[in-house]
Amino acid sequence: MDKCVLHTCCGPCASHCCYVLADAGKKPVLFYSNSNISPFEEFVRRWENVKKLAGILGVEAVCDHWDHELWLEAVKGHETDPEGGERCRLCFAFNLKRAYEFASARGLEFTTSLTVSPYKNSKTLFEVGEAFPNFLKFDFKKKDGYKHSVELSKEYGLYRQNYCGCEFSLSQREKE
Ligand code: SF4
């Protein structure tokens, strides 16, 4: 099987992606690069579940460092944008650039688990991803991908968060 890098937003989303990639003859390296996640305890909690998934599936998992201050700089001026707006596009670009750099250093192609979520526009993700060489366009939400990720995360006992990741999405969720 050819290896590729899966930018991994969380264990539940990555679970379904690993199945799709295996069907495509690819063995993923889970690259957890999510400086958007706040607070830090949440970042750690999601990483623990990525490691758990990697152990279950027998794949490698790598954690990028948490650079939340730099991420805040990247989305400056867009703090109050609604979820799905320009802040999210900038957030995707921040994380996918790091995934691309990690994959390049290993001479691998890369893709992202972010397309599993029904809250994330795959077209936008593809536009952002294709700005980098060696990006693989997998639309993981196809064929009930999200539903399958929910089923797998139950089966594997993975923690599922109830907000996207940044403090702005957390406060929006708390208001709702
Ligand atoms: S809502 Fe999610 S995708 Fe959008 S900026 Fe926050 S963490 Fe990133």
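In short, a report on the structure. Keep in mind that this is a model prediction, so the values were computed, not measured.

Procedures and definitions
- Residues numbered from 1 in each chain as written.
- Predicted model: local features only at pLDDT ≥ 70, side-chain atom pairs only at ≥ 80, totals over all residues.
- Heavy atoms only, no water.
- Helix = DSSP H or I, 4+ residues; strand = E, 2+ residues; numbered from the N terminus.
- Rg over C-alpha atoms; globule rule 2.2 N^0.38 Å.
- Buried < 20%, exposed > 50% of the residue type's maximum accessible area, 1.4 Å probe, protein only.
- Contact = heavy atoms within 4.5 Å.
- Areas by Shrake-Rupley, 256 points an atom, 1.4 Å probe, with all protein chains shown as cover.
- Lys, Arg positive; Asp, Glu negative; His and termini not counted.
- Charge placed at Lys NZ, Arg CZ, Asp CG, Glu CD.
- Near = heavy atom within 4 Å.
- Nonpolar A, V, L, I, M, F, W, Y, C, P; charged D, E, K, R; others polar.
- Axes fitted to C-alpha atoms, helices over the stretch in contact; angles between N-to-C directions.
- Parallel < 35°, antiparallel > 145°, perpendicular 65-115°, else oblique.
- Left-handed = near helix turned anticlockwise from the far one by under 90°.
- Pairing = 2+ DSSP bridges.
- Polar contact = N/O pair within 3.5 Å; in protein donor to acceptor, adjacent residues only side chain to side chain.

## Some words on the overall build of the protein chain
Logical step 1: Along its length, the protein chain carries seven helices and four strands.
Logical step 2: Expected size for 176 residues packed as a compact globule is a radius of gyration near 16 Å; at 15 Å, the protein chain falls within 12% of this value.
Logical step 3: With respect to the principal axes defined by its C-alpha atoms, the protein chain has extents near 45 × 35 × 30 Å.
Logical step 4: Within the span of the protein chain, comprising 176 residues, buried residues form 49% of the whole.
Logical step 5: When contacts within the protein chain are restricted to residue pairs at least 6 apart in sequence, long-range pairs at least 24 apart make up 73% of them.
Logical step 6: Of the roughly 8,500 Å² of accessible surface on the protein chain, 52% is carried by carbon and sulfur atoms.
Logical step 7: Of the side chains in the protein chain, 24 bear a positive and 25 a negative charge, and the two mean positions are spaced by 4 Å.

## Side note on the environment of Leu152
Logical step 1: By the secondary structure assignment, Leu152 is in helix 6 (residues 145-156).
Logical step 2: Ignoring any residue separated from it by four or fewer positions in sequence, one finds Leu152 in contact with Ser15, His16 and Tyr19.

## Considerations on the site of the ligand
Logical step 1: All residues in the neighbourhood of the ligand are listed as Asn36, Trp71, Glu83, Arg87, Cys88, Cys91, Phe92, Cys164, Cys166 and Ser169.
Logical step 2: Residue contributions to the shell around the ligand peak at four residues, all from helix 4 (residues 86-106).
Logical step 3: Residue composition of the shell around the ligand, grouped by class: six nonpolar, two polar and two charged.

## A word on the packing of helix 1 (residues 11-23) against helix 2 (residues 40-57)
Logical step 1: Where helix 1 meets helix 2, the axes come as close as 9 Å, and the angle between the chain directions of the two elements is 25°. With respect to their mutual orientation, helix 1 and helix 2 come out roughly parallel. The interaxial crossing formed by helix 1 with helix 2 has right-handed handedness. Contacts between helix 1 and helix 2 involve Gly11, Ala14, Ser15, Cys18 and Tyr19 from the former and Asn49, Val50, Leu53 and Leu57 from the latter.
Logical step 2: Here the residues of the contact of helix 1 with helix 2 are counted per class, giving six nonpolar, three polar and no charged.

## Description of the sheet that holds strand 1 (residues 2-7)
Logical step 1: Read from one edge to the other, the open sheet built from four strands follows the order 3-2-1-4, with strand pairing classed as parallel. For this open sheet the edge positions go to strand 3 (60-63) and strand 4 (110-112), each flanked by a neighbour on one side alone. Across the sheet, the mean angle from the axis of one strand to that of its neighbour is 30°, orientation sign disregarded.
Logical step 2: Where strand 2 (residues 26-32) and strand 3 come together, four bridges link them in parallel fashion. In the strand pairing of strand 3, Leu30 is matched with Ala61.
Logical step 3: Contacting strand 1, strand 2 and strand 4, helix 1 crosses the sheet at an angle of about 155° to strand 2.

## A closer look at helix 5 (residues 122-129)
Logical step 1: When you tally the buried positions in helix 5, you get six out of eight residues, the bulk of the element.
Logical step 2: Taken together, the buried positions of helix 5 are Ser122, Thr124, Leu125, Phe126, Val128 and Gly129.
Logical step 3: Elements that come into contact with the buried residues of helix 5 comprise helix 4 and strand 4.
Logical step 4: Near the N-terminus of helix 5, the side chain that reaches the backbone nitrogen of Lys123, with its oxygen 2.8 Å away, is that of Asn121.

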